[in-house]
Amino acid sequence: MNFVFFSWQSAMICAAYFAAGIIDSVCGGGGLLTIPALITAGVPVHYVAGTNQWSALAGNVTSIYKYGKSGNINFKSGLIAAVAAIFGGFIGAELNIIIPAKYLKTIMIALIPVMTVLIMVKKDFGEDDMSNNMPGAKLIIYSCLTGLAVGAYQGFYGPGAGTLYLLSFAFLIRLSLVKASGTARLTSLFAAISSSITYAFSGFVIWRIVLAATIFNTIGNYIGAGLAIKNGARIIRPLLFAVIVLLFITIIIEQ
């Protein structure tokens, strides 16, 4: 691939991946910034997804390390959801072939305002970790449902999947927003690894961009995870609102 980018494009991509790293590590949704940045920089459409996946991979691992070290990952729920998400991804990809994307987008346009209202009404949403009160069987079932549902969405459409994992872990498993964010990062990593390997073998990755973007994205993830762990719901809630609004606008524009 002989794609050539100039200094302004390079600076824009690095800035986008730095900001996305902070957002991703806090509440997911960083791809809503990085994918438009790559497209604006002139990256050919077939190379956007692969380049984006690889550029965010190291940052994802960095935030997982930060969350895990502070005890803010529910490994049991996250790993169960990750396995289920692999199957969900296959289901979503198959559905994408037979069902027009506009139908899923219409459903999301209806659901996103509902999710926003629920978060606004429930003032103590995500403040405390209540997962210890949940029976083991129920936790397994809800984790599987989370992985299947969000994994299918990820395979079908994609943008904002990390945010949906966070919301699912917080609503269903009743994790605190901090622990839900850390667990969402763990689950997202497995899907990212499998798809990244696929893109690498297909040749649809611009490695020069990946090298630069990875550095800034990793720094952003390190800072963002630290902010989330230190400030909890106080910083996660407002960023979560912003990402949900951005996802809503993106879906409407593409509708």
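Since the model is a prediction, treat every value here as computed from it, not as a measurement.

Draft legend 1. Structural context of the pattern of salt bridges. Applying the stated rule across the entire model yields one salt bridge. A salt bridge links Arg185 to Asp24; its shortest N-O distance comes to 3.8 Å. Within this pair, whereas Arg185 is found in helix H8 (residues 177-202), its partner Asp24 is found in helix H1 (residues 7-27), the two being separated by 161 residues in sequence. With a relative accessible area of 14%, Asp24 lands in the buried category.

Draft legend 2. Molecular detail of the environment of Ser181. Here Ser181 is to be found in helix H8. Spatially, the C-alpha atoms of Ser181 and Ile197 are 24 Å apart, while their sequence positions differ by 16 residues. Residue contacts for Ser181: discarding those within four places in its chain leaves Ser25, Val26, Cys27, Tyr67 and Leu166. At a separation of 3.2 Å, a polar atom in the side chain of Ser181 contacts the main-chain carbonyl oxygen of Ser25.

Basis of the calculations
- Residues numbered from 1 in each chain as written.
- Predicted model: local features only at pLDDT ≥ 70, side-chain atom pairs only at ≥ 80, totals over all residues.
- Heavy atoms only, no water.
- Salt bridge = Lys/Arg side-chain N within 4 Å of Asp/Glu carboxyl O.
- Helix = DSSP H or I, 4+ residues; strand = E, 2+ residues; numbered from the N terminus.
- Buried < 20%, exposed > 50% of the residue type's maximum accessible area, 1.4 Å probe, protein only.
- Contact = heavy atoms within 4.5 Å.
- Polar contact = N/O pair within 3.5 Å; in protein donor to acceptor, adjacent residues only side chain to side chain.

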